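Summary of structural features
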Amino acid sequence: MADLRNNFIGIKSPNPFWLASAPPTDKAYNVERAFKAGWGGVVWKTLGEEGPPVVNVNGPRYGAIWGADRRLLGLNNIELITDRDLYTNLREMKQVKMNWPDRALIASIMVPCEEESWKAILPLVEETGADGIELNFGCPHGMSERGMGAAVGQVPEYIEMVVRWCKQYTRMPVITKLTPNITDIRKPARAAKAGGTDAVSLINTINSIVSVDLDSFAPNPTVGGKGSHGGYCGPAVKPIALNMVAEIARDPETYGLPISGIGGVTTWRDAAEFLALGAGNVQVCTAAMTYGFKIVEEMISGLSDWMDEKGHRSLDDIIARAVPNVSDWQYLNLNYIAKAKIDQDACIKCGRCYIACEDTSHQAITNMVDGARHFEVMDEECVGCNLCVSVCPVENCITMEELPAGNLDKRTGKIVDPNYANWTTHPNNPMARQAAE
């Protein structure tokens, strides 16, 4: 059986599935239930500094995007960090860690960008026995307007500065949580590494307005007739998260920096994809809020079964395996040729492939043959774009098949070249011509 035990920057847990800092980790009651369900670790909901607790709204805090079957695709939240007293949280954290010594317990922290504020809270957190801290530099709403959260995460110099303070004033491992609300995720990651962070976690939520109530003309969620931008999460953000994780994993300046992957993890397969792109573990929030804590059972069994099937003995066999295959567009092989093929036995003759190709692509699929409804790819027009595969409602009915070297590409009238070639040396590339000259 596959070994799912996780060792992330020296923090051990029985599996790589942690709950992210969010409402599900706001109190001991929730965290105890999560550990009983099987979660390997939790990041406690973000703590603020000592003093009057943060004030949250007393109304709707979430807005949603649903699929056609009302499956939750994305969740927008306008909730802030914990509104519970700091010392109440600290006492509960200490007790939970004593009760569950084999589980990872991380304290998420957000205080003003002042050295004394960080210096004051770190010993309090350390006394709980927490395994590490996560610096919340990602929250895009409410706290960012106060100079915290994403307001820090968008300024690499601030990130490096605060990380240095934390490494100076605590023995605990430091995880720096990054905001996706930035042009180039590599820059804050580099800054965190320069400051001495032990790891980064990403992504935090994406700044968003998910919808507008067309009766009140206010953004959702609506509080007293008004709405605000909030943080977007859930399955819809997974592609953005995967890309940002991969960017850090393959950047020469941050290569090897441990990553905790966050963003839309709902199934074991999602988790495996994050691990393959360089994450050392994953954090989950929206899936737990949608389906409850026991969803981790399916994640654990699914990942374990897949690893057994593929012969992967431990997580180390998976982590970062896909990173070498992530490339910039300019290095993709321009001599690779593929054509779509339709399995006539599986085809339900819905016509979606035809209309998508006919209206918006390359007019490479028939809809009638000998007077009968029939969908077939015309190789002389097919560019191998994969659109038909994407819109087909029947899994594996349409597949992309490589045209072997030496065969004739009917579309171009040329023989498929076996040699690798990319845009950097293509004759149509003006930069390539300049280099040659």
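Residues numbered from 1 in each chain as written. Predicted model: local features only at pLDDT ≥ 70, side-chain atom pairs only at ≥ 80, totals over all residues. Heavy atoms only, no water.

In the nomenclature of an unreviewed UniProt entry, the protein chain corresponds to dihydrouracil dehydrogenase (NAD(+)) from the organism Rhizobium lusitanum. UniProt's Function (unreviewed entry) comment on the protein chain is quoted here verbatim: "Involved in pyrimidine base degradation. Catalyzes physiologically the reduction of uracil to 5,6-dihydrouracil (DHU) by using NADH as a specific cosubstrate. It also catalyzes the reverse reaction and the reduction of thymine to 5,6-dihydrothymine (DHT)." Here the protein chain is described in UniProt, under the heading Sequence similarities (unreviewed entry), as follows: "Belongs to the dihydropyrimidine dehydrogenase family." (UniProt positions renumbered as here; feature names shortened; annotations may be inferred.)

Moving on, we get to the overall build of the protein chain. Across its full length, the protein chain carries 13 helices and 22 strands. Summarising its shape, the C-alpha atoms of the protein chain cover approximately 75 × 60 × 45 Å along the three principal directions. Residues classed as buried in the protein chain amount to 49% of the 437 residues present. Surface accessibility of the protein chain: about 21100 Å² in total, with carbon and sulfur atoms responsible for 51%. Distance between charge centroids for the protein chain: 3 Å, based on 41 positive and 53 negative side chains. (Helix = DSSP H or I, 4+ residues; strand = E, 2+ residues; numbered from the N terminus. Buried < 20%, exposed > 50% of the residue type's maximum accessible area, 1.4 Å probe, protein only. Areas by Shrake-Rupley, 256 points an atom, 1.4 Å probe, with all protein chains shown as cover. Lys, Arg positive; Asp, Glu negative; His and termini not counted. Charge placed at Lys NZ, Arg CZ, Asp CG, Glu CD.)

What follows covers the nonpolar core. Counting 81 residues, the largest nonpolar core has Trp39, Trp118, Val125, Ile133, Leu135, Leu202 and Leu303 as the members making the most contacts within it. By residue number, the principal contributor to this core is helix H7 (residues 238–250), which donates seven residues. The residues contacting valine 125, other than those within four sequence positions of it, are Leu47, Leu90, Ala107, Ile109, Ala130, Ile133 and Met172. Counting residues in each nonpolar core, the second largest holds 15 residues, with Ile365, Val377, Cys382 and Cys392 among its members. (Core = buried A, V, L, I, M, F, W, Y, C linked by side-chain atoms within 4.5 Å. Contact = heavy atoms within 4.5 Å.)

Axis separation between helix H2 (residues 86–99) and helix H3 (residues 115–126) bottoms out at 10 Å; the angle between their running directions is 30°. Comparing the axis directions of H2 and H3 gives the class roughly parallel. Between H2 and H3, the contacting residues are Leu86, Tyr87 and Leu90 on the first element and Ile121, Leu124 and Val125 on the second. Among the residues forming the contact of H2 with H3, the class breakdown is six nonpolar, no polar and no charged. (Axes fitted to C-alpha atoms, helices over the stretch in contact; angles between N-to-C directions. Parallel < 35°, antiparallel > 145°, perpendicular 65-115°, else oblique. Nonpolar A, V, L, I, M, F, W, Y, C, P; charged D, E, K, R; others polar.)

Take the side chain of threonine 254 next. Along the chain, threonine 254 falls in the loop between H7 and strand E15 (259–262). Engagement of the side chain of threonine 254 in a polar contact is seen with the backbone oxygen of isoleucine 248, the distance being 2.7 Å. Apart from residues lying up to four places away in sequence, threonine 254 is in contact with Ala189, Arg190, Lys193 and Ile248. (Polar contact = N/O pair within 3.5 Å; in protein donor to acceptor, adjacent residues only side chain to side chain.)

In this section: the sheet that holds strand E14 (residues 230–233). A sheet is described by the order of its strands in space; here four strands give the open sequence E5-E6-E14-E11, paired in antiparallel fashion. The open sheet has two edge strands, strand E5 (62–66) and strand E11 (206–208), and neither has a second partner. Mean inter-strand twist for the sheet, computed between neighbouring axes without regard to direction, equals 35°. As defined by bridge partners, E5 adjoins strand E6 (residues 72–77) across five bridges and the pair is classed as antiparallel. In the strand pairing of E6, tryptophan 66 is matched with leucine 72. (Pairing = 2+ DSSP bridges.)

Pairing is parallel in the closed barrel, where eight strands are placed in the order E3-E4-E7-E8-E9-E10-E15-E16. Within this sheet the neighbouring strands show an average axis-to-axis angle of 25°, counted without direction. Pairing of strand E4 (residues 41–47) with strand E7 (residues 104–109) involves five bridges; the strand directions are parallel. Its bridge partner lying in E7, valine 43 is registered against isoleucine 106.

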